[in-house]
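Okay, here's what each chain looks like letter by letter:
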Amino acid sequence: MSVIYQYRVSVVGDKSAFMICALEQAFAAMGCTSPNPAVGAVIVMNGTVAATGKTSACGGDHAEVTAIKNAPGTLEGAEMFVSLEPCCHYGKTPPCTEAIIRAGIKRVYIPLLDPNPMVAGKGVLALKNAGVDVVIMNEFASQAVDLIRPFRKYILRKRPFIIQKLAVTLDGRTATKSGDSRWISSDCSRYIVHRLRAIADAVIIGKNTLVADNPSLNVRLEEFPDTVKCYFRETNMGIAGYDNYFLKKLLGGDAVVNRDMPLRIVIGLPDKIDSGANFYRSDDYIFFVDENTHAAMKRREDHDLIQEMEKQNKIVYIGGDTRVARVHTIQEELYSRGIMMALLEGGSAISGSFFDAGEIDQYLYFIAPKIIGRGTPAIDGNGISAMQDSVRLKDVSTVMIQEDLLYSGYREPYNFEMM
C-alpha cells in the first residue's frame, strides 16, 4: 500500500524533509532487520512523496525495493532519498541498485556510503554508470551514522555491537551493600530502557543478576502509566553535547516496538534452576557456560532439567582460559546467530569482562541523584592503573529525564574503514 504525504517542495532546501523522512523510516525498522542495517527510503514525484519503505526482516525486501513496490504507477523521472547507499551485490535478495535503475528513478540522494566492503562506493558507481544521478547529502551523515553503528561493527569486525545500559547512583553504584537495586532510576528512565529492549536483538546478564533480581528481560511498555508516556510526548528533550540522532528518536514521541522479547542471554548457570522464575516464562533464552564445568553438571540434583535444556540448545558450552577469552567466544557465537546489537544489562563482573575485552561499544548510563556510600560498582574488571590509559568516550551526549541524567558515549568515533 502506498503512503502519500500531502506536502510539496518549493525550494531546494525542502529536500531535507525527504531525507528526514527516510531516516525516520530507518529508525522505525531497527530491531527487525538484523543482521542487515535498518534503512529507510522515500520516493518523490513532482515534489510530493509518492511512497516510503523500510528494510524488512532478513531475507525480505530492502527499503528501496519496498518503497518501489509501494509506489503507485510509473516512477520514470522520480527521485529517491535513502538513509544509506543502496546495495549492489547479490545476497538473499538481488541488488537494490538494479531495482532503482529498472524503475526509471533519475536521482538518488544518500547521506553516506555503506561501510560494507561489498558495497562501499560500488553502489554509487553502479547507479552513475547507468545514468542515475547520485547526490551525497553530507549534512545528514551524522544522523545516518547513529543508526548504523551496530551494523558497521557487525559487518567489519564480525562482532555484535554492545551497549552497556546501567542505572547508577551519583556515586557510581548499581545496588546497595545488601544488593537492593529497585529502583535507582525513575519510571521515565525505566520506560526508555524498555524502548531500547524493543529494538535490541539481545539482552545479556550474568547468573548472579538472574538469581538476585528475578528479571523477565522482556518489553513491558504497557505497564507504565500514561503520565510517563505523556512526559515524552510533551517534553522537549534537549540533548547537550553530541546531537545523537539515535537518542533523539529513542526519547521522542511514541515508542517503536519491533519485538516484545529480545533473545535473553545469561552468562553462567545458577546453582539451581528455578523453573518458576520470571525468566523461564518464555523459552527465547540461552545460557553460556564454561565448558570446564560440563562434567560437574552430571552431579547436579537438577541434571534431568539440564539435559533437557541441552537438547533444546538452551545451553552453549564455551571455551577460553580467561574471562576475556570467553567474552570473545561469546561474541563469535552471537555473531554466528545474526545478533547485531545487544544490551549488557546486569552484573558488574560480567560488565568488567566485556570492558576488559574491549567489547563495550556504547555506554548508556542513567545517573540518579542518589548517594548510597557503598555498594556494587558499575564495572568490576581488572581495572586500569594510570588515568592516561583510561577509556575516554567519544561523541558524548547528555539529557535530563526528570531528575535523572542520561549519559551516552561511544568507545570510538564512527570511522569509515575497509577490511
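The preceding data block contains the structure.
Residues numbered from 1 in each chain as written. Predicted model: local features only at pLDDT ≥ 70, side-chain atom pairs only at ≥ 80, totals over all residues. Heavy atoms only, no water.

Points about the sheet that holds strand β2 (residues 48–54)
Reasoning step 1: Read from one edge of the open sheet, five strands run β2-β1-β3-β4-β5, paired in mixed fashion. Since the sheet does not close on itself, it has two edges, and those belong to β2 and β5 (133–136), each with one partner. Across this sheet, the average inter-strand angle for adjacent strands is 20°, counted without regard to direction.
Reasoning step 2: The pairing of strand β4 (residues 107–110) with β5 spans four bridges and is classified as parallel. Note on β5: the bridge partner recorded for Ile110 is Ile136.
Reasoning step 3: Sitting on the sheet, helix α2 (residues 63–70) is in contact with β1 (40–45), β2 and β3 (79–82), with an inclination near 135° to β2. (Pairing = 2+ DSSP bridges. Helix = DSSP H or I, 4+ residues; strand = E, 2+ residues; numbered from the N terminus. Axes fitted to C-alpha atoms, helices over the stretch in contact; angles between N-to-C directions. Contact = heavy atoms within 4.5 Å.)

Here's the deal with the pattern of salt bridges
Reasoning step 1: Scanning the model with the defined rule gives 23 salt bridges in all.
Reasoning step 2: A salt bridge links Arg152 to Glu412, with the shortest nitrogen-to-oxygen separation between them at 3.5 Å. Within this pair, whereas Arg152 is found in helix α5 (residues 141–157), its partner Glu412 is found in the segment after β17 (404–410), the two being separated by 260 residues in sequence.
Reasoning step 3: The salt bridge involving Arg157 is made with Glu412; its shortest N-O contact spans 2.8 Å. Here Glu412 lies in the segment after β17 and Arg157 lies in helix α5, a separation of 255 residues in the sequence.
Reasoning step 4: Each of Lys153, Arg159, Glu332, Glu359 and Asp361 takes part in salt bridges that share partners, so that together they form one network. (Salt bridge = Lys/Arg side-chain N within 4 Å of Asp/Glu carboxyl O.)

What about helix α1 (residues 15–29)?
Reasoning step 1: The end-to-end C-alpha separation of α1 is 22 Å, in line with the 21 Å expected for 15 residues at 1.5 Å each.
Reasoning step 2: For α1, the complete set of buried residues consists of Lys15, Phe18, Met19, Cys21, Ala22, Leu23, Gln25, Ala26, Phe27 and Ala29.
Reasoning step 3: Close packing links the buried residues of α1 with β1, β2, β3, β4, α5 and α9 (245–251).
Reasoning step 4: At the exit of α1 stands Gly31, carrying a positive phi of roughly 100°. (Expected span 1.5 Å × (residues − 1). Buried < 20%, exposed > 50% of the residue type's maximum accessible area, 1.4 Å probe, protein only.)

A look at the side chain of His303
Reasoning step 1: As for its position among the elements, His303 is in helix α10 (residues 303–311).
Reasoning step 2: Relative accessible area serves as the criterion here: at 19%, His303 is assigned to the buried category.
Reasoning step 3: Beyond its immediate sequence surroundings of up to four residues, His303 is in contact with Met297 and Lys298.

Considering helix α4 (residues 122–129)
Reasoning step 1: What α4 keeps buried is the set Gly123, Val124 and Leu127. Viewed along the axis of α4, the buried residues span an arc of 100°, placing them on a single side of the element. Exposed residues on α4 whose side chains face more than 90 degrees from its buried face are Leu125 and Asn129.
Reasoning step 2: Buried-residue contacts for α4 involve α3 (96–103), β4 and β5.
Reasoning step 3: Of the residues one or two after α4, Gly131 is the one with positive phi, at around 90°. (Arc of directions from axis to C-beta.)

Some thoughts on the packing of helix α11 (residues 323–336) against helix α12 (residues 348–356)
Reasoning step 1: At their nearest, the axes of α11 and α12 sit 8 Å apart, and the two run at 85° to each other. The orientation of α11 relative to α12 falls into the category roughly perpendicular. Facing Arg323, Val324, Val327 and Gln331 of α11, the residues of α12 in contact are Ala349, Gly352, Ser353, Phe354 and Asp356.
Reasoning step 2: Along the lines of polarity and charge, the residues of the contact of α11 with α12 split into four nonpolar, three polar and two charged. (Parallel < 35°, antiparallel > 145°, perpendicular 65-115°, else oblique. Nonpolar A, V, L, I, M, F, W, Y, C, P; charged D, E, K, R; others polar.)

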